[in-house]
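The lines below spell out each chain.
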Amino acid sequence: RHDDSVDVTCVVVSFATREEPLACLRSFADELGGLRADLVVVDNASPDGSAAAIAELFDRLDVPGLCTTLVASDENLGFGAACKLGAEGARGRYVLMLNPDTVVLRRGVERRVAFADEHPEARVWGGRTLHPDGSRNPASAWRRPTPWSALACALGLSAAFPDSGLFNPEGYGGWARDTVREVEIVSGCFVLVERALWTELGGFHPDFWMYGEDADLSLRARALGARPLIDPTSEIVHIGGASEGVREHQMVRLFKGKAQLYAKFAGPLEGWFQLR
């Protein structure tokens, strides 16, 4: 059912945040520009009426070129699995993963698709993320974890010196995300993937419940020859962690995801060093 006249299939996964995904979906529709797009929302059994609110919003939307679909799951599938479900049978030339706690700015998706058309060799494309106050949010791209980056993080050096390339290597310290650049990992909050590549990779790997699935996807894509690029003109506001509720739970999931990445992609000695 692929249809190359559809530019992008966008997948949003919602869980127990209600107002955040509504703002996200409205911004996507408002900033669609001239694109033809499928917008698919997978609600992970939210207990707060999110699915009903999204269905009501979709009934009111009347945007040329936009087709909407709501998948209301009976269980919480996790982020990665829900994204895979939403992307099944994607018609668009590209597949876009967009977090529910984001707001698309200044036709950000249209800019991203145009950038991808100009740089097809990348096969994976990211953008620029901002905090709600408009300041730079560096979480749009990352380097592959290494023993040194893990040590710098554990010692608090990455947090103390976020703009240092030496002490914050995973975060590309010192780079303002204001130039086109090849990166190792594109954040899953706003990642565009060539549909054929998404299909070849099988989407996000099911081993990753939440956190780490985007890094895993980027690294597997690079192994197939992709060279992910950041487009600084494609922007969103990203609140971050809205569905987690308790920050301690968020951190546990984050470090679990990192541990899975270390085990999967590090060499034997490197993996031993980072997991101890």
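Sequence order as written defines residue numbering, which begins from 1 separately in each chain. For a predicted model such as this one, the threshold for reporting local features is a pLDDT of at least 70, and the threshold for listing and counting side-chain atom pairs is 80 or more; totals across whole chains, interfaces and linings nevertheless cover every residue. Hydrogens and waters are ignored; side-chain quantities use all the structure's heavy atoms.

**Examining the pattern of salt bridges**
- For salt bridges, the criterion is a side-chain nitrogen of Lys or Arg within 4 Å of an Asp or Glu carboxyl oxygen. Scanning all chains against the criterion turns up 14 salt bridges.
- Salt-bridge contacts for Glu56 lead to Arg60; the nearest nitrogen and oxygen are separated by 3.4 Å. Note that Glu56 and Arg60 are positioned in helix H2 (residues 50-60) at a spacing of four residues, about one turn of the helix.
- Several salt bridges share partner residues, and in doing so they unite Asp7, Arg93 and Asp117 into one network. In this text, helices come from DSSP runs of H or I with a minimum length of four residues, and strands from runs of E with a minimum of two, each type numbered from the N-terminal end.

**Some details on the nonpolar core**
- Residue types Ala, Val, Leu, Ile, Met, Phe, Trp, Tyr and Cys, when buried and joined through side-chain atoms within 4.5 Å, form a set referred to as a nonpolar core. Note on classification: 1.4 Å probe, protein chains only; a residue is buried when its accessible area is under 20% of the maximum for its type, exposed when over 50%, partly exposed between these limits. With 33 residues, the main nonpolar core has Val8, Phe28, Leu98 and Val109 as its most contacted residues.
- Broken down by secondary-structure element, the contributors of at least two residues to this core are strand E1 (8-14), helix H1 (19-30), strand E2 (37-43), H2, strand E4 (94-98), helix H4 (108-118), strand E11 (190-194) and strand E12 (229-238).
- The greatest single-element share of this core, amounting to five residues, is contributed by H1.
- Any two residues having at least one pair of non-hydrogen atoms within 4.5 Å are treated as being in contact. Apart from residues lying up to four places away in sequence, Phe28 is in contact with Cys10, Ala37, Leu39, Leu66, Leu96, Leu98, Val104 and Val109.
- Judged by nonpolar contacts, the second largest core, of 26 residues, contains Val95, Val186, Trp198 and Ala221.

**Quick look at unusual backbone geometry**
- Of note in the backbone geometry, Arg18 takes a positive phi value of approximately 45° without being a glycine.
- Here Arg18 shows up in the loop between E1 and H1.
- Here Arg106, not a glycine, exhibits a phi torsion of approximately 45°, which is positive.
- By secondary structure assignment, the location of Arg106 is in the loop between strand E5 (102-105) and H4.

**So, the confidence of the model for the protein**
- Per-residue confidence from the predictor is reported as pLDDT, a score between 0 and 100. Put simply, the protein has an average pLDDT of 87, and 85% of its residues get 70 or more.
- Contacts from residues 242-255, a stretch scored under 50 in pLDDT, to residues over four places away or in other chains number 17 contacts.
- Low confidence marks residues 268-276, where pLDDT is under 50. Its contacts with residues over four positions away, or in another chain, come to 16 contacts.

**Side note on a nonpolar patch on the surface**
- A patch consists of residues exposed above 30% relative accessible area that lack any salt bridge, with like charges linked at up to 9 Å and nonpolar side chains (Val, Leu, Ile, Met, Phe, Trp, Tyr) linked at up to 5 Å. Calculation of accessible area relied on Shrake-Rupley with a 1.4 Å probe; when residues are assessed, cover is drawn exclusively from the protein chains displayed. On the surface, a nonpolar cluster with roughly 390 Å² of combined accessible area is contributed by Trp148, Leu151, Leu155 and Leu166.
- When you line up the elements, Leu155 lands in the loop between helix H5 (147-154) and helix H6 (157-160).

**Section: the packing of aromatic side chains**
- Pairing of aromatic rings covers Phe, Tyr and Trp, the last counted by its six-membered ring, and requires centre-to-centre distances within 6.5 Å; plane angles under 30 degrees mean stacked, over 60 mean edge-to-face, and any other angle means tilted. Counting across every chain of the model gives six aromatic pairs.
- Measuring from centroid to centroid gives 6.3 Å for Trp148 and Phe167, while their planes differ by 50°, and the two rings are tilted. Residue Trp148 is found in helix H5, and its partner Phe167 is found in the loop between H6 and strand E9 (181-182); the two are separated by 19 residues along the sequence.
- Aromatic pair Tyr172 and Trp175: ring centres 5.6 Å apart, planes at 75°, arrangement edge-to-face.
- Judged by relative accessible area, Trp175 falls into the buried class, the value being 6%.
- Aromatic rings pair up to connect Phe79, Trp198 and Phe204 into one cluster.
- For a ring to carry a charge above it, either NZ of a lysine or CZ of an arginine must fall within 6 Å of the ring centroid while also lying within 35 degrees of the normal to the ring plane. We note Arg112 situated over the ring of Phe190; from NZ or CZ to the ring centre the distance is 3.9 Å.
- The ring of Trp175 carries the charged tip of Arg181 above its face, separated from the ring centre by 4.9 Å.

**Regarding helix H8 (residues 213-223)**
- In terms of residue burial, H8 counts as a mostly covered element, since nine of its 11 residues are buried.
- Following H8 by one or two positions, Gly225 adopts a phi angle in the positive range, close to 105°.

**Observations concerning the pairing of strand E6 (residues 124-130)**
- E6 sits mainly inside the fold: seven of its seven residues count as buried.
- The pairing criterion for strands is at least two bridges between them, as found by DSSP. Here E6 pairs with E11 via two bridges, running antiparallel. Among the inter-strand pairings, Trp125 is bridged to a residue of E11, identified as Leu192.
- Alignment of E6 against E12, held across five bridges, turns out to be parallel. Paired with Arg128 across the two strands is Glu235, which belongs to E12.
- For E6 and strand E7 (residues 136-137), the ladder comprises two bridges, and the chain directions are antiparallel. Across the sheet, Thr129 pairs through a bridge with Asn137, a residue of E7.
- Once E6 ends, the chain turns through five residues before running back antiparallel as E7, passing Gly134 with a positive phi of about 90°.

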